[in-house]
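# Per-entry structural report
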Amino acid sequence: MTSQRGKVQVVVDGSNMATEGRSDPSLAQLDEVLRAFRAENPRAELIVVADATFAHRVAASERSRFHERESEGTIVTPPAGAIGRGDAFILKIADRITGVVLSNDSFQEFHHLYPWLFDEGRLIGGKPVPGVGWIFTPRLPVRGAKSVRAAKKAALAAAPPTPAEPVPAAPARRTSRRRSPEPPVEAVAAEPVPAAPAKRTSRSRTSTPAEPAPAAPARRTSRRRSPEPVAVEPVPAAPARRTSRRRSPEPPVEAVPSAPRSQRREHGAVNDERAFAALVAAVPVGAEVDGTVRSFTSHGAVVDVRVNGADVECYAPTALLGDPAPARAREVLTRGEVRRFRLISVDPVRRIGEVGLP
């Protein structure tokens, strides 16, 4: 945790400290935090990291000064399109230098990657106290649902594929198909029995002069031996019964009511199923997320949210872009602009999220 010169290396979550107790970040507040921490820890070497959207969210009067600090290297921003925004960048730096992290964030989605966050002294929080100033104290991350989901997702990704489940299903279907021919055989043998007397009656009438009395036992014997001579006429009917019985197990599989509905859902789905699932897993409803304004519609704007290296399309209606709501989304948003949005709801049928300005 210390360098060769004995100084403590601290990675500062600039966006988190600049937004503490506020809705938008303040560069002046961040400078106040840094001065207070240096005064309390004179041997600390500070590496300040801010989100890529920090410059767009601070007051217009502070933007030029922020860009100066960024060009000087006193404030570092992650590369464009970095996964996990600034949080992953901060933890990677701290992991590389074995440093301390100054932040009030718990970094729940990274607990499985950086277990040292739970080591004593590796995470420090800070709060302003009226009339006293900034108070800094060691803290431990809070485990929550997001941490559990991230750990499960990592475990599933590391687990080898197990295609063993479909194997028992195949013999079950083969067994049913092998048994399906048996009922038609019994039905064929059973149905010609009542039909035989009718044939004997009709033939006895037509062949009255011949009086084939001994022929009747011969026909009965042939029927008892095998259905070959008698089954000449019912042969076409047998495949029909087998076909109907073979198809009878199939409709419950093929004609499941969800199949047409799934086709309709696929037709109306906005995002890929995997990308939408990543959005739901990474960003809970009510959380803030960075989004890029891609285009405008008559009643809102299309916003791309970066999750796990892929853009997930979300929709920002004008009703959620201000109070009162603007007449058009163009009045408060600019195409290509990166803004901070709040995830309001998700629609699993259309696979899209609805966002608004915090």
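Scroll up a little and you will see the structure.
Now for a quick tour of the structure.

Cut-offs applied
Residues numbered from 1 in each chain as written. Predicted model: local features only at pLDDT ≥ 70, side-chain atom pairs only at ≥ 80, totals over all residues. Heavy atoms only, no water. Helix = DSSP H or I, 4+ residues; strand = E, 2+ residues; numbered from the N terminus. Buried < 20%, exposed > 50% of the residue type's maximum accessible area, 1.4 Å probe, protein only. Areas by Shrake-Rupley, 256 points an atom, 1.4 Å probe, with all protein chains shown as cover. Patch = residues over 30% accessible without salt bridge, like charges linked within 9 Å, V, L, I, M, F, W, Y side chains within 5 Å. Salt bridge = Lys/Arg side-chain N within 4 Å of Asp/Glu carboxyl O. Pairing = 2+ DSSP bridges. Contact = heavy atoms within 4.5 Å. Axes fitted to C-alpha atoms, helices over the stretch in contact; angles between N-to-C directions. Arc of directions from axis to C-beta. Expected span 1.5 Å × (residues − 1). Polar contact = N/O pair within 3.5 Å; in protein donor to acceptor, adjacent residues only side chain to side chain.

## Focus on the overall build of the chain
- Along the chain, the regular secondary structure elements total 14 helices and 11 strands.
- The buried share among the 358 residues of the chain stands at 33%.
- Surface summary for the chain: the accessible area is close to 21500 Å², and the carbon and sulfur share equals 55%.

## A word on a nonpolar patch on the surface
- Together, Val 129, Val 132 and Ile 135 make up a nonpolar patch on the protein surface, roughly 240 Å² of accessible area in all.
- Tracing the backbone through its elements, the reader meets Val 132 in the loop between β5 (123-129) and β6 (133-138).
- What makes Val 132 exposed here is its relative accessible area of 61%.

## Structural notes on the sheet that holds strand β2 (residues 44-49)
- Across the sheet, 6 strands lie side by side as β3-β2-β1-β4-β5-β6; this open sheet has mixed pairing. Lying at the two open borders of the sheet, with one neighbouring strand each, are β3 (75-76) and β6.
- Of the pairings in the sheet, the one linking β5 to β6 comprises 6 bridges and is antiparallel in character. Directly across from Gly 126, in β6, lies its bridge partner Phe 136.
- Taken strand by strand, helix α5 (residues 85-97) contacts β1 (8-13), β2, β3 and β4 (100-102), and its axis lies near 175 degrees from that of β1.

## Concerning helix α14 (residues 273-282)
- Taken residue by residue, α14 has Ala 275, Phe 276, Ala 278 and Leu 279 as its buried positions. Across the axial projection of α14, the buried residues extend over an arc of 155 degrees, all falling on one side. For α14, the exposed residues lying more than 90 degrees away from the buried face are Glu 273 and Arg 274.

## Some details on helix α2 (residues 27-40)
- In a regular helix each residue adds 1.5 Å, so 14 residues correspond to 20 Å; α2 covers 20 Å between its end C-alpha atoms and thus fits that length.
- Taken as a whole, α2 has its buried residues at Leu 27, Gln 29, Leu 30, Asp 31, Val 33, Leu 34 and Phe 37.
- Two or three places before Ala 28, at the opening of α2, Ser 26 has a side-chain oxygen 3.4 Å from that residue's backbone nitrogen.

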